[in-house]
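# Report on the structure
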Amino acid sequence: MSHYQVSQLRHLGERSLVEDLQVLRAQFNPNATDTALIGIFTGLFGLASDECLLLTKQPTLTPGPISKGFKIVQAHHLSATVRPTPTQTFDQAGIYVFRFWTLPGIQVDPLIALSQRAWETFEGDFDTEVKALFRQSTPALQETALLITWYKNFAAWEASRQPDPAAADYFRQRQSLIDQAFPIATRRLP
């Protein structure tokens, strides 16, 4: 079973952010580590200008390598639910929105089912793709879930605010299960 980790990193400022992001990316040489880099994402809104999100896949729940130019602000250990699929990549140009949700653990499975139903029409109607729906690795009374959605651009994101009625109903039902939502819009480091 693979595990995923999303780390919110703060740049320490010894070198330029661009230089340190390149060093961070270089640490994930597939021949040198078990941890696979899914992507490094810099903020558009919802994230400080000196922060980024690091998404990795690893065989165990051990922390991945972090460059000395960064410090971990927060880390989430996650398990995939119905996404990502083995064929999904995180390499398109565009916007990646990370939606962190807090909800009762008993509501995670219904949230997943509602999401799947909504995606049946949602993804076909817009320039968008749901990349991942994760839940925290250790079940609990209160859990964190994470939805990552790719949009071609902000116009596609804006258009997607008006999905077809069936998808809108599933999204309303899903929202009623969530105690707190925290969205972050990002771009993937090329």
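Calculation criteria
- Residues numbered from 1 in each chain as written.
- Predicted model: local features only at pLDDT ≥ 70, side-chain atom pairs only at ≥ 80, totals over all residues.
- Heavy atoms only, no water.
- Core = buried A, V, L, I, M, F, W, Y, C linked by side-chain atoms within 4.5 Å.
- Buried < 20%, exposed > 50% of the residue type's maximum accessible area, 1.4 Å probe, protein only.
- Helix = DSSP H or I, 4+ residues; strand = E, 2+ residues; numbered from the N terminus.
- Contact = heavy atoms within 4.5 Å.
- Pairing = 2+ DSSP bridges.
- Axes fitted to C-alpha atoms, helices over the stretch in contact; angles between N-to-C directions.
- pLDDT = per-residue confidence, 0-100.

### Things to note about the nonpolar core
- Within the largest apolar cluster, 18 residues are counted, with the highest numbers of intra-cluster contacts made by Leu55, Phe90, Phe98, Phe134, Leu146 and Ile148.
- Mapped by element, the contributors of at least two residues to this core are strand 1 (3-11), strand 2 (36-45), strand 3 (51-58), strand 5 (95-104), strand 6 (128-136) and strand 7 (142-151).
- Apart from the residues within four sequence positions on either side, Phe134 is in contact with Tyr4, Leu55, Leu78, Ser79, Ala80, Thr81, Pro84, Ala145, Leu146 and Ile148.
- Counting 13 residues, the second-largest nonpolar core is a separate cluster that includes Leu111, Ile112, Val130 and Leu133.

### Regarding the side chain of Asp20
- One can find Asp20 in helix 1 (residues 17-26).
- Non-local contacts of Asp20, meaning those with residues more than four positions away in its chain, are made with His11, Arg15, Gly69 and Phe70.

### Concerning the sheet that holds strand 5
- Spatially, eight strands are ordered 1-3-2-8-5-7-6-4 in a closed barrel, and the strand pairing comes out antiparallel. Adjacent strand axes in the sheet meet at a mean angle of 35 degrees when their direction is disregarded.
- Judged from the eight bridges that link them, strand 1 and strand 3 form a sheet pairing that is antiparallel. Its bridge partner being in strand 3, Tyr4 is matched across the sheet by Lys57.
- In the packing of helix 2 (residues 108-125) onto the sheet, the strands contacted are strand 4 (70-83), strand 5, strand 6 and strand 7, and the crossing angle to strand 6 comes to about 175 degrees.

### As for the confidence of the model for the protein chain
- On average, the protein chain scores 92 in pLDDT, and the residues at 70 or more come to 95%.
- Within the protein chain, helix 1 has the poorest average pLDDT of any element, 91, and strand 5 the best, 98.

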